[in-house]
Amino acid sequence: MNKSRNTTQFLLPVEKPEPIRGEYDIYPVHELGRGTIRADFASLAEALADKRQVIVDGYNGVFFDTFRDRLNAEFEKLGVKALWWDVRAALKPEAEIDALLAPFLGGDDPIFGFRTPLALADLFDEKRLEAIRPDQGAALNILIGPGAALAGWEGTLVYIDIPKNEIQFRARAASISCLGASKPDAPKKMYKRFYFTEWVMLNRHKKALLPRIDLFVDGQREEAITWTEGTALRSGLDALARNAFRVRPWFEPGAWGGQWIKNHIHALAQDVPNYAWSFELIVPENGILFADGGRMLETSFDTIMYQAGRDVVGDACYEAYGDEFPIRMDYLDNFDGGNLSIQCHPQREYIRKNFGEVLTQEETYYILDTKDDAEVYLGFREDIVPEEFERALTESFAHGTELDVKRYVQGQRAHKHDLFLIPPGTLHSSGRNNLVLEISTTPYIFTFKMYDWLALDLDGKPRPLNIRRAMENLCFDRKGEKVQRELICHPTLEETGDGWERWHLTTHPNHSYDVHRYKVTGSVDVATEGKCHVLNLVEGAKAVVETAAGMRFELGYAETLVVPAAAGSYRIASPDGTPVMMVKAFMK
């Protein structure tokens, strides 16, 4: 294991490996154009050697010191003497930054905080920042570090990006610290600070810089970089925003994780106990891969929203949610694993008031695969008494005793292609032996766990429960026969054509998105109607999706594709006439 990252997951290689034929592609790439992506420090040094002033900004979590040393070594080979300045010297004192961020970190709460309204500039001492000025006698001045552009230097702007999963791997290895912190903290505490403060500020800063970035660097590898010109990156993002794209998924083991993903996606690391999640499209943390031939460069998903968000989601959605991409898809794999926790998600007003989020997590469980009489736990039994339920949960947590789950909760048999509806405030869990395609709105960590089957996390410690918050959000009227009627989808055939059917998988009135499923043996043309469509191939080995602008995608089983609103229309086809089924999620 690399000491700088604590994970068994592979670091993104510079060159895309040959995909395993007929299997899920873990590195979906989009061609940026011949000669657009370079892959070494030497070429970057050559591009910067004749500049007088360079600003190297980027995301915290990048190894800026390593980057500086490697780039400087290449300057020395060229006979160029660079004078380096570090913007982190202008940060406010650590105690002052801690005090500034404390109101947004939730105190002793181990998980939740409040999205900060602060700007990145608030972490810097204005006088110290103004004091960093280039030496006019030096051939090349370089100011480096997250927030470097705040110093107001004129010059070539280099931006170094890093995927947020890699930031987490580095945090777990204690090889990075939070911005302004002198040393690493516990990984979960760092994640809370990242999510509610640091990433919020850095994202706003990145959006402001994007139109004027001259050179863009993928900084997730220590030994090698890939980089491109800002004009090429922006052009590539604009093209995807008018056509379609897959994001790069990433995969994580978990306490309840299963074996389906591990057994079906052999390109993944196999020396893990399980895979609990495939983060298909959880956009606060996914990235987009560009390629030049086989050479790969990744940028975080938010970059396309900052460049062309209105094209991606459409006018109405952009007016409502801005840069927040609204739909998420991920897999929950507990084949031969354990049960997910008994849980619920916050109501809309609750998440806005308590956590500062624009969207809440409105969920559905689409059952992609199942075995052995698997169940989904959904809603309450008719005779539920809230006070009794809360008392049982509290006693179970206090004494480490089992909860008689089925005394309070309904268990529903799960079958392939079932859709279970989980609007905010609905008690739910996936029982073992399901592969769930979770379709929901975007927020990532807002799950209130009430009972976790006495399981321990992979670090050997109990996972935090949120019984009080859950009780503040649960809808106890979702019980008895009402669950069958309102929380289990009953698909209806709405439209047919030559070689295709469109089924409506009606969601709950409290869901802000809807779901269609196409069954195709020939082809069908689909209009976006000003909305973004998120597709997933839920049956069949392969489907072809072609946009009106001419981009063509071969989508394999279980793969996800985003078709932006600006695409206008696209065609879904079965390449050989065998039946395929495609799920489409879109905002109402």
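Residues numbered from 1 in each chain as written. Predicted model: local features only at pLDDT ≥ 70, side-chain atom pairs only at ≥ 80, totals over all residues. Heavy atoms only, no water.

Visitor: Talk me through the overall build of the protein chain; I want residue IDs and the actual numbers.
Guide: Along the backbone of the protein chain there are 15 helices and 30 strands. Whereas a compact globule of 588 residues would reach a radius of gyration of roughly 25 Å, the protein chain reaches 25 Å, a difference of no more than 12%. Referenced to the eigenvectors of the C-alpha coordinate spread, the extents of the protein chain come out at roughly 80 × 60 × 45 Å. The burial tally for the protein chain puts 59% of its 588 residues in the buried class. Looking at the protein chain alone, contacts between residues at least 24 apart form 79% of all its contacts between residues at least 6 apart. With 68 positive and 87 negative side-chain charges, the protein chain shows a separation of 2 Å between the mean positions of the two kinds. (Helix = DSSP H or I, 4+ residues; strand = E, 2+ residues; numbered from the N terminus. Rg over C-alpha atoms; globule rule 2.2 N^0.38 Å. Buried < 20%, exposed > 50% of the residue type's maximum accessible area, 1.4 Å probe, protein only. Contact = heavy atoms within 4.5 Å. Lys, Arg positive; Asp, Glu negative; His and termini not counted. Charge placed at Lys NZ, Arg CZ, Asp CG, Glu CD.)

Visitor: Can you lay out the pairing of strand S12 (residues 327-333) for me, pointing to particular residues and giving the numbers?
Guide: Of all seven residues that make up S12, seven are buried, and the element is covered over most of its length. The two faces of S12 match: Ile327, Met329, Tyr331 and Asp333 on one face and Arg328, Asp330 and Leu332 on the other face are all buried. Note: strand S9 (residues 277-281) against S12, three bridges, orientation antiparallel. Bridge pairing in S12 links Trp277 to Leu332. Note that S12 and strand S19 (residues 434-441) share seven bridges and pair antiparallel. Bridging across to S19, Asp333 finds its partner in Leu435. (Pairing = 2+ DSSP bridges.)

Visitor: So what's going on with the sheet that holds strand S25 (residues 533-539)? Which residues, and what values?
Guide: The strand order across the open sheet built from six strands is S21-S22-S23-S30-S25-S28, with neighbouring strands paired in antiparallel fashion. The open sheet has two free edges, formed respectively by strand S21 (492-497) and strand S28 (560-563), since each of these has just one partner strand. Looking at each pair of strands side by side, their axes are set apart by 25° on average, direction ignored. Pairing of strand S23 (residues 513-520) with strand S30 (residues 580-587), which is carried by eight bridges, proceeds in the antiparallel orientation. By the bridge assignment, Val515 is partnered in S30 with Ala585. (Axes fitted to C-alpha atoms, helices over the stretch in contact; angles between N-to-C directions.)

Visitor: Give me the lowdown on the side chain of Ser43, citing residues and values where you can.
Guide: Of note, Ser43 is situated in helix H1 (residues 41-48). A polar contact is formed between the side chain of Ser43 and the side chain of Asp40, at a distance of 2.3 Å. (Polar contact = N/O pair within 3.5 Å; in protein donor to acceptor, adjacent residues only side chain to side chain.)

Visitor: Before we move on, could you go through the environment of Pro443 and cite the residues and values that matter?
Guide: Tracing the sequence through the fold places Pro443 in the loop between S19 and strand S20 (448-451). Along the primary structure Pro443 and Glu324 are separated by 119 residues, whereas in three dimensions their C-alpha atoms are 9.2 Å apart. Among all residues touching Pro443, those that are not within four sequence positions of it are Arg328, Ile351, Glu357, Leu359, Thr360 and Gln361.

Visitor: Account for the packing of helix H7 (residues 230-241) against helix H9 (residues 302-313), naming residues and giving values.
Guide: Closest axis-to-axis distance for the H7/H9 pair is 9 Å, and the angle between their directions is 35°. Handedness of the crossing formed by H7 with H9: right-handed. Contacts between H7 and H9 involve Leu233, Arg234, Leu237, Asp238, Leu240 and Ala241 from the former and Thr303, Ile304, Gln307, Ala308, Asp311 and Val312 from the latter. (Left-handed = near helix turned anticlockwise from the far one by under 90°.)

Visitor: I'd like to hear about the environment of Val563, residue by residue, with values.
Guide: Within the fold, Val563 resides in strand S28. Of the residues examined, Val563 reaches a relative accessible area of 0% and is grouped as buried. Distance from Val563 to Ala239, taken between C-alpha atoms, is 12 Å for residues 324 residues apart in sequence.

Visitor: I'd love a proper account of the side chain of His508, names of residues and values included.
Guide: Inspection of the secondary structure assignment puts His508 in the loop between strand S22 (500-505) and S23. Using a relative accessible area of 8% as the deciding quantity, one classes His508 as buried. Among the polar contacts made by the side chain of His508, one reaches the main-chain amide nitrogen of Asn510 at a distance of 2.9 Å. When residues no more than four places from it in sequence are discounted, the contact partners of His508 are Leu421, Pro423, Arg478, Glu486, Leu487 and Lys588.

Visitor: Account for the state of the cysteines, with residues named and values stated.
Guide: All chains considered together, the criterion is met by zero disulfides. Here Cys489 stays free of any disulfide, with the sulfur of Cys475 as its closest cysteine sulfur at 19 Å. (Disulfide = S-S within 2.5 Å.)

Visitor: Lay out the nonpolar core in plain terms, naming residues and giving numbers.
Guide: Among the nonpolar cores identified, the biggest contains 161 residues, and Phe67, Phe75, Phe301, Ile304, Phe325 and Phe389 are the most heavily contacted of them. The biggest single contributor to this core is helix H6 (residues 187-209), with nine residues. Leave out the neighbours within four places in its chain, and Phe301 touches Phe245, Val247, Leu281, Val283, Asn286, Gly287, Ile288 and Phe325. If you look at the next biggest cluster of nonpolar residues, it comprises 19 residues, including Tyr518, Leu535, Leu555 and Val563. (Core = buried A, V, L, I, M, F, W, Y, C linked by side-chain atoms within 4.5 Å.)

Visitor: Pulling in residues and values, what's your account of the pairing of S23?
Guide: For S23, the tally of buried residues reaches seven of eight residues, placing the bulk of the element in the interior. Examined bridge by bridge, S22 and S23 share six bridges and lie antiparallel to one another. Within S23, the residue paired with Glu501 across the bridge is Lys519.

Visitor: A description of the packing of aromatic side chains should follow, citing residues and the corresponding values.
Guide: Taken as a whole, this structure holds 33 aromatic pairs when the rule is applied. Ring centres 6.0 Å apart and planes at 75° place the aromatic pair Tyr350 and Phe448 in the edge-to-face group. In this pair, Tyr350 is assigned in helix H11 (residues 348-355) and Phe448 in strand S20, connecting sequence segments 98 residues apart. Lying over the aromatic face of Tyr24, Arg246 brings its terminal NZ or CZ to 5.1 Å of the ring centre. Stacked on the ring of Tyr408, the Lys or Arg Arg407 has its end atom at 5.2 Å from the ring centre. (Phe/Tyr/Trp six-rings, centres within 6.5 Å; stacked < 30°, edge-to-face > 60°. Lys NZ or Arg CZ within 6 Å of the ring centre and 35° of its normal.)

Visitor: Kindly report on the packing of H6 against H9, identifying the contributing residues and their values.
Guide: Interhelical geometry of H6 versus H9 gives an angle of 45° and a closest axis separation of 10 Å. Overall, the two elements H6 and H9 adopt an arrangement that is oblique. Handedness of the H6/H9 crossing: right-handed. The segment H6 lies against H9, with Asn203, Lys206 and Lys207 engaging Asp302, Thr303 and Tyr306. By residue class, the composition of the contact of H6 with H9 is one nonpolar, two polar and three charged. (Parallel < 35°, antiparallel > 145°, perpendicular 65-115°, else oblique. Nonpolar A, V, L, I, M, F, W, Y, C, P; charged D, E, K, R; others polar.)

Visitor: Got a sec to walk through the pattern of salt bridges? Specific residues and values, please.
Guide: In total, this model carries 44 salt bridges according to the counting rule given. For Lys189, the salt bridge is made with Asp185, and the minimal N-O distance between the two is 3.6 Å. The exposed category is assigned to Lys189, whose relative accessible area is 51%. Within this structure, Asp65, Arg68, Asp69, Asp86 and Arg88 form a network of salt bridges that share partners. (Salt bridge = Lys/Arg side-chain N within 4 Å of Asp/Glu carboxyl O.)

Visitor: I'd like to hear about the sheet that holds strand S8 (residues 250-252), residue by residue, with values.
Guide: Across the sheet, six strands lie side by side as S8-S9-S12-S19-S14-S17; this open sheet has antiparallel pairing. Every interior strand has two partners, whereas the edge strands, S8 and strand S17 (419-422), have only one. With strand direction ignored, the average angle separating the axes of adjacent strands in the sheet is 20°.

Scope: geometric values only; no functional claims are made or implied.
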